[in-house]
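Listed here are the chains, written in short residue letters.
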Amino acid sequence: MQFPVPFSSDEQLIGIAEKYGTPLFVHDESAYERCGKEALAAPNAFGLSVRYAMKANSHRAVLRIFERLGIAIDASSIYEVERALAAGIAPEKIQLTSQEVQPAERLRELIAKGIQYNATSLEQLRIFAWLDCAKDTPISIRVNPGLGSGHNNRTNTAGRGASFGVWHSHLKEALKLIEENGLKIERLHTHVGSGSDWRVWQKAALLTLKIAAKMPDVKTVNMGGGYKIDRVRPEKSIDLQSAFKPVKKAFKDFARETGRKLRLEIEPGTYLAANSCILLARVEDICDTGPKGYEFLKINGSMTELLRPMIYGAHHPIRLLGRGEETEADYVVVGTTCESGDIFTPKEYDPEGIDTVSLPRAERGDIVAVLGAGAYGLSMSAKNYNTRPICAEVMIGKDGADRLITKRQKPEEIWARELD
Ligand SMILES: Cc1ncc(COP(=O)(O)O)c(C=O)c1O
């Protein structure tokens, strides 16, 4: 995997921070493209489709970059479907894979529009089966194959502890429903977790193929996303070329045994977005808790922009821009909300622990860059906590020019919907 190091120089970024203010997300179009092309080049036996799991970062500018590359969309809510449509994505390129149960009427409307449906529970499948159009509309079914893996337990989306998909041993019930109602399940879907151990993902692929063997209409197997990006140690990130080879072989073996050449579909979020965007924030204050304590760098980016360190104990590389590389101080980097857990340097995967990062000595007003903030950054943050306005976003285009892609929210917009 090529580790995309976006953005040319500290000076450029400091200039962007001055121009647009902080906190600020800065995206890099070339980095998104590079990741998209890598995903499209993943080894496969009989064809590959890539969907972008738009929950990772749902900005229209990002969706359109992937659309231009021929990457479709996986939406995790009805609102994401609407957002993708509003961004100009064609309905037939959008799949809905949601925990929400859509009422029959809404499901009918979605299908009439051409949205692809992925039923993720028996109830969702039952409701779909009631529709008049059910027999003529090939859909997908999400199965929990019985094992999962995430970069921590919170991102493990399969196995006994996960409510996503039809539990594999309830499949008989699903197959009965499918047969009795003449449904066409052309796509089988699993997604075992985010930041998964790719050996677990490979095992899940074998289990999924066993399930596909029982479903003769299935033409495409979607193996979800979860392809690990280690933001701090890029060498530990997945190498799609080697990780996909055993899966390619498994698809070929399946074809030899059954005569069925299945297409592979994947739907990464993190892989496509994580390293294509950074968060810029300004040092607001510096304080310490004495010789046995810590030195704190308070920055104006917070859990309201990036929640991953706080909820997962996730580590993101942090750089102090324009101060060289020599490290002189170990800082606990914290946000400026009134929340003691609002910390960018927790112990890794222990959100309640405190760690430090070695940086050059900082001064008030310096600009800090938090890297790897493109996936589950703004899309998942604790927006408006402490009545903090949602920050602005900038895209650096392939020509190197920066342009505003999201305006900073005005504080009064936060309370505008409130009624007396
Ligand atoms: C159904 C589904 N597909 C794909 C993804 C993308 O996962 P990741 O961002 O780890 O690639 C997710 C994320 O949780 C998901 O729920």
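Scroll up a little and you will see the structure.
Residues numbered from 1 in each chain as written. Predicted model: local features only at pLDDT ≥ 70, side-chain atom pairs only at ≥ 80, totals over all residues. Heavy atoms only, no water.

**Student:** So what exactly am I meant to see when it comes to the site of the ligand here?
**Tutor:** Around the ligand, a shell composed of 14 residues is seen, among which Ser-194, Gly-226, Glu-267, Thr-270 and Tyr-376 lie nearest. Within the backbone of Gly-226, a nitrogen or oxygen atom sits 2.8 Å from an oxygen atom of the ligand. Interatomic distance of 2.6 Å between a side-chain N/O atom of Tyr-376 and an oxygen atom of the ligand. Mapping the ligand onto the cavity grids shows that it belongs to the largest pocket. Of the residues in the shell around the ligand, the class split is three nonpolar, eight polar and three charged. (Near = heavy atom within 4 Å. Polar contact = N/O pair within 3.5 Å; in protein donor to acceptor, adjacent residues only side chain to side chain. 1 Å grid on protein atoms, 1.4 Å probe; cavity = no way out; pocket = protein on both sides within 12 Å on 5 of 7 lines; lining within 4 Å. Sits in = over half its atoms within 2 Å of the grid points. Nonpolar A, V, L, I, M, F, W, Y, C, P; charged D, E, K, R; others polar.)

**Student:** Before we go on, may I ask you to explain the packing of helix H6 (residues 122-130) against helix H7 (residues 171-181) in this structure?
**Tutor:** Between two packed helices, the angle of one axis relative to the other and the distance separating the axes together describe the packing. At a minimum axis distance of 11 Å, the contact between H6 and H7 shows a crossing angle of 5°. It follows that H6 is roughly parallel to H7 by the angle criterion. Between H6, through Leu-122, Leu-125, Arg-126 and Ala-129, and H7, the contact on the second element is made entirely by Glu-173, Ala-174, Leu-177, Ile-178 and Asn-181. (Axes fitted to C-alpha atoms, helices over the stretch in contact; angles between N-to-C directions. Helix = DSSP H or I, 4+ residues; strand = E, 2+ residues; numbered from the N terminus. Parallel < 35°, antiparallel > 145°, perpendicular 65-115°, else oblique. Contact = heavy atoms within 4.5 Å.)

**Student:** How do you make sense of the pairing of strand S2 (residues 48-53) when you look at a structure like this?
**Tutor:** Looking along a regular strand, one sees the side chains alternate between the two faces of the sheet. Counting buried positions along S2 yields six of six residues, so the element is predominantly enclosed. Burial along S2 is two-sided: Leu-48, Val-50 and Tyr-52 and Ser-49, Arg-51 and Ala-53, pointing in opposite directions, are all buried. Alignment of S2 against strand S10 (residues 263-266), held across three bridges, turns out to be parallel. For Leu-48, the partnering residue across the bridge sits in S10 and is Leu-264. As judged from the three bridges shared by S2 and strand S3 (residues 72-75), these two strands associate in the parallel manner. For Tyr-52, the partnering residue across the bridge sits in S3 and is Ile-73. Between the parallel pair S2 and S3, the chain is carried across by helix H3 (residues 60-69), and the sense of this crossover is right-handed. (Buried < 20%, exposed > 50% of the residue type's maximum accessible area, 1.4 Å probe, protein only. Pairing = 2+ DSSP bridges. Right-handed = clockwise from strand over helix to strand, strands pointing away.)

**Student:** I keep staring at the state of the cysteines and nothing clicks. Help me out?
**Tutor:** Note on terminology: a disulfide is the covalent bond linking the sulfur atoms of two cysteines. Counted by the stated rule, this structure contains zero disulfides. Free cysteine: Cys-287, not disulfide-bonded; nearest cysteine sulfur from Cys-338 at 13 Å. Sulfur of Cys-391: no disulfide; nearest cysteine sulfur belongs to Cys-277 and is 8.9 Å away. (Disulfide = S-S within 2.5 Å.)

**Student:** I tried to follow helix H2 (residues 29-40) on my own but got confused; where do I start?
**Tutor:** An α-helical segment advances 3.6 residues per turn. Residues three or four places apart therefore align on the same side. Its twelve residues give H2 an end-to-end C-alpha distance of 17 Å, which sits within 8% of 16 Å, the value for a rise of 1.5 Å per residue. Residues of H2 that are buried include every one of Glu-29, Ala-31, Tyr-32, Glu-33, Cys-35, Gly-36, Glu-38 and Ala-39, and no others. N-cap assignment for H2: the residue whose side-chain oxygen lies 2.9 Å from the backbone N of Ser-30 is Asp-28. (Expected span 1.5 Å × (residues − 1).)

**Student:** Whenever I open this one, the pairing of strand S14 (residues 329-334) confuses me. Can you help?
**Tutor:** The element S14 is largely enclosed, with a buried count of five among its six residues. Here four bridges tie strand S12 (residues 295-299) to S14, and the two strands are oriented parallel to one another. Each residue of the ladder has a partner; that of Glu-295, found in S14, is Tyr-331. Here S14 pairs with strand S17 (residues 357-359) via three bridges, running antiparallel. For Tyr-331, the partnering residue across the bridge sits in S17 and is Val-357.

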